[in-house]
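Geometric and topological summary
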Amino acid sequence: MTSIGITDREPASRRKFSLAWIWLSVAIALADMLVVVVTSVVLGATYYRFVLDSTPPLAGHLGEGITFALMLVIVSGLRGDYRRSALLDDVRWPLDLWVAWTIAFGAVIALMFLLKSSLDMSRGVASAVYVAGFGLLLVTHFIATRLVAALAASGRVRPRRVLLVTRTGASDAATAIAHDPTITASAFEVVALDDRADPVGDVVAIARDLQPDEILLSLPFQDAELIDRVADGLMVTPATIRLAPTGLSSRVFALSHEGVGGVVLARAPLDAWERMQKRAFDIVVATAGLIALAPLLVIVGILVRLDGRGPALFRQTRYGFNQTPFTVFKFRTMRVAEAGSDFTQATRDDPRITRLGRILRRTNVDELPQLLNVLMGDMSIVGPRPHPVALDDAFQSRIAHYTRRHIVKPGMTGWAQVHGLRGETDTDEKMRMRIEYDLVYVENWSLSLDIRIVLMTLFYGAAYRNAV
């Protein structure tokens, strides 16, 4: 197998200054908020001063502006208006902006009416903010989209990384396509498969190391067995997988700002904007949890030390996102600290578990130190529960798509856990059921699903079932 390497059109002097698309999206969202807040304050103050001849309630206008701005960003974010494809579509973005602004404005007015606070807002001010706000947003978005397009054309925006998998005989054509100057949205790693019996392991290793946004398979359609093996192996990577025609041409890549062409075989579970939403949710919940639970954490730590010899915290290596090892934190609940290949799963009435440990396990309190893992970025509040490495190694060859659970960060709680699929997995069937629920979560992620799982963890009895 031949790996030709990343196609990099940026001069070396520019590489360190390249920006990720998500930060441009964030900058535009912040600009939207600033425009709306300033518009609300200035127009409100002007209206009260010169039309009503009274002292402007600046604090009220500031609060209204912040509310309008937050609602606009939330609506635009949920609609995907800050994604790359939307920002660079000159036909789409003005209409998207008007729809998002109208929905946000209407939602805030309706909310104020329900809370009976709309009486404090002049209809004249509201009308002026809606009209002038949209006009100013059009101007700032026009400037922003032109700036984004210029940055992309100059190579100062980090391109999408694409892993292009083809056969050895087509590697020259693939390399030519990867260096095509008309394709500016993506950087390519070209991997040419040789005729060995099983090249899949090497392809997966390259994909794990590269962490591409998309994987494009340009393989002979008639070789369905090879396509199945390669695609099935790459399902463990957090990337969109596409199947392209074998006749390589620049038309294959569709010149789309969102991705390359081809038939989608598997989608990435979260795009950049969704990853930011999930990370923000994790930071807010973990920070609030650590602050609120600080007294409990201190008391439990002391009790663990008093209950038996050993540290208060138990540390163990587990697989995280993209099957990268990390150290997980838990309150120690056993008299032993097993790790690696010496690990033995806990069972009901396990003599290794301390008296206090049984209480901590059955109430999930032993998991609370993982709030630190969440803040460190190794875990998420919600996701597939991380297994000990020995357990992962034992089951990944026995259960199909087992390692696909690693294409999102592991979580403190998860869809499988809140349905009682936790505890000892002494049979393949028990683990298979858990993995099925994990994959349902991976394939159907949404922020509302994360919130639902958190609430179920707190208030749903099944979340504590089968704890040992």
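Nothing here was measured: the structure is a model prediction, and the numbers come from that model. (Residues numbered from 1 in each chain as written. Predicted model: local features only at pLDDT ≥ 70, side-chain atom pairs only at ≥ 80, totals over all residues. Heavy atoms only, no water.)

1. A word on the confidence of the model for the protein
Counting all residues, the mean pLDDT for the protein is 80, and 80% of those residues have values of 70 or more. Low pLDDT, under 50, characterises residues 3-17; the predicted model gives this stretch 33 contacts beyond four residues in sequence or across chains. When the criterion is pLDDT under 50, residues 254-258 qualifies, and its contacts beyond four places in sequence or with other chains add up to 14 contacts. (pLDDT = per-residue confidence, 0-100. Contact = heavy atoms within 4.5 Å.)

2. Section: the nonpolar core
Ranked by size, the top nonpolar core spans 33 residues in total, and within it Val 304, Leu 360, Ile 381, Trp 415, Tyr 441 and Ile 453 carry the most contacts. For this core, the secondary structure elements donating two or more residues are helix H10 (272-307), strand S8 (325-331), helix H11 (355-362), helix H12 (370-376), strand S9 (380-382), helix H14 (428-443) and helix H15 (447-459). Top contributing element to this core by residue count: H10, with six residues. Excluding anything up to four places from it in sequence, Ile 381 contacts Phe 281, Asp 282, Val 285, Ala 286, Leu 371, Val 374, Gly 411, Met 412, Thr 413 and Val 454. Leu 163, Ile 227, Met 235 and Ala 266 belong to the second-largest nonpolar core, a separate cluster that totals 22 residues. (Core = buried A, V, L, I, M, F, W, Y, C linked by side-chain atoms within 4.5 Å. Buried < 20%, exposed > 50% of the residue type's maximum accessible area, 1.4 Å probe, protein only. Helix = DSSP H or I, 4+ residues; strand = E, 2+ residues; numbered from the N terminus.)

3. Some remarks on unusual backbone geometry
Backbone geometry places Gln 211, a non-glycine residue, at a positive phi of 50°. Here Gln 211 lies in the loop between helix H8 (200-210) and strand S4 (214-218). Residue class for Gln 211 comes out partly exposed when judged on its relative accessible area of 45%. Positive phi is not limited to glycine here, since Asn 322 has a value of about 60°. Mapped onto the elements, Asn 322 comes out in the loop between strand S7 (313-319) and S8.

4. Section: the pairing of strand S2 (residues 160-167)
Walk down a regular strand and you will see the side chains alternate between the two sheet faces. Among the eight residues in S2, six count as buried, and that is most of the element. Bridging between S2 and S4 involves five bridges; their strand directions are parallel. Paired with Val 165 across the strands is Leu 217, a residue of S4. (Pairing = 2+ DSSP bridges.)

5. What to know about the packing of aromatic side chains
By convention here, two paired aromatic rings are described through the distance between centres and the angle between planes. A complete count under the given rule lists five aromatic pairs for this structure. Judged by centre distance (4.7 Å) and plane angle (5°), the ring pair of Phe 68 and Phe 105 falls under stacked. You can see Phe 68 sitting in helix H3 (residues 58-79) and its partner Phe 105 sitting in helix H5 (residues 92-114), a full 37 residues away along the chain. The burial state of Phe 68 is the same as that of Phe 105; both residues are buried. Put simply, the rings of Phe 68, Trp 101, Phe 105 and Tyr 130 pair up and form one aromatic cluster. It is Arg 146 that lies over the ring of Phe 142; its NZ or CZ is 5.4 Å from the centre. Over the ring of Phe 395 we find Arg 398, and its NZ or CZ is 4.4 Å from the ring centre. (Phe/Tyr/Trp six-rings, centres within 6.5 Å; stacked < 30°, edge-to-face > 60°. Lys NZ or Arg CZ within 6 Å of the ring centre and 35° of its normal.)

6. Things to note about a nonpolar patch on the surface
A cluster of nonpolar side chains, Leu 62, Ile 66, Leu 70, Ile 74 and Leu 78, forms an exposed patch at the surface whose accessible area comes to about 460 Å². Here Leu 70 is to be found in helix H3. (Patch = residues over 30% accessible without salt bridge, like charges linked within 9 Å, V, L, I, M, F, W, Y side chains within 5 Å. Areas by Shrake-Rupley, 256 points an atom, 1.4 Å probe, with all protein chains shown as cover. Salt bridge = Lys/Arg side-chain N within 4 Å of Asp/Glu carboxyl O.)

7. Quick look at the pattern of salt bridges
Counted according to the given criterion, the structure contains 17 salt bridges. A salt bridge links Arg 229 to Glu 225; its shortest N-O distance comes to 2.6 Å. Placement of the pair is Arg 229 and Glu 225 together in helix H9 (residues 224-234), with a separation of four residues, close to one helical turn. Classification of Arg 229 by relative accessible area gives partly exposed; the value is 26%. Judged by relative accessible area, which is 47%, Glu 225 ranks as partly exposed. A cluster of three or more residues bridged by salt bridges with shared partners is formed by Arg 79, Asp 81, Arg 92 and Asp 96.

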